[in-house]
Amino acid sequence: PNLSGVYKKGQDVGIYMQIYNAGIDQTTLRPAVDVEYTVLKDGKEFMPRQKEDWSGLSDSGQRLTLARILPTAQLPTGNYEIRISVRDRVNTQNKIEDAVGKFTITQ
């Protein structure tokens, strides 16, 4: 892990998060969670939002592991924020706050 949050241009940013107690859809017996990634620069959306693709999901319980690499070769230098929005479609009473991480790209 890079605790400083400072990356050189071209150095990949790793995103890792676990979601616990996700609701299980009783028809598919799989977690029913929507996850969306948003990258912001200077408070504005910088890249198109990306949704998590659960097709290769190996977790079958109520814990989900998100692991993604964000390439930085095409990103201009500056300060960024990544926001991970999570929505549980089964346990709608469980509000899941957006996870936010900040990082900086340098030359």
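Residues numbered from 1 in each chain as written. Predicted model: local features only at pLDDT ≥ 70, side-chain atom pairs only at ≥ 80, totals over all residues. Heavy atoms only, no water.

**Student:** What's the story with the overall build of the protein in this structure? I'm lost.
**Tutor:** Counting secondary structure elements, the protein contains zero helices and ten strands. Buried residues in the protein amount to 36% of all 107 residues. Taking the intrachain contacts of the protein between residues at least 6 apart in sequence as the baseline, contacts between residues at least 24 apart amount to 70%. Looking at the protein as shown, the accessible area adds up to about 7,000 Å², and 49% of this sits on carbon and sulfur atoms. (Helix = DSSP H or I, 4+ residues; strand = E, 2+ residues; numbered from the N terminus. Buried < 20%, exposed > 50% of the residue type's maximum accessible area, 1.4 Å probe, protein only. Contact = heavy atoms within 4.5 Å. Areas by Shrake-Rupley, 256 points an atom, 1.4 Å probe, with all protein chains shown as cover.)

**Student:** How do you make sense of the side chain of Glu-52 when you look at a structure like this?
**Tutor:** In this structure, Glu-52 sits in the loop between strand E7 (50-51) and strand E8 (63-70). Among the polar contacts made by the side chain of Glu-52, one reaches the side chain of Tyr-37 at a distance of 2.5 Å. Dropping the residues within four chain positions of it, Glu-52 is found in contact with Val-35, Tyr-37, Leu-66 and Arg-68. (Polar contact = N/O pair within 3.5 Å; in protein donor to acceptor, adjacent residues only side chain to side chain.)

**Student:** What should I look at first to understand the pairing of strand E5 (residues 33-41) in this one?
**Tutor:** Where a strand is regular, its side chains alternate between the two sheet faces. By the criterion of burial, E5 is predominantly enclosed, with eight of the nine residues buried. Taken together, the nine bridges between E5 and strand E9 (residues 78-88) define a ladder with antiparallel strand orientation. Directly across from Lys-41, in E9, lies its bridge partner Tyr-80. Pairing geometry for E5 and strand E6 (residues 44-45), over two bridges, is antiparallel. Within E6, the position partnered with Lys-41 by the bridge is Lys-44. The antiparallel hairpin formed by E5 and E6 contains two residues in its connecting segment, where Asp-42 sits at a positive phi of about 55°. (Pairing = 2+ DSSP bridges.)

**Student:** I tried to follow the confidence of the model for the protein on my own but got confused; where do I start?
**Tutor:** Any segment with low pLDDT has predicted coordinates that should not be analysed in fine detail. Here the protein averages 86 in pLDDT, while 90% of its residues score no lower than 70. No element of the protein has a lower mean pLDDT than strand E4 (residues 30-31), at 78, and none a higher one than strand E1 (residues 6-8), at 96. (pLDDT = per-residue confidence, 0-100.)

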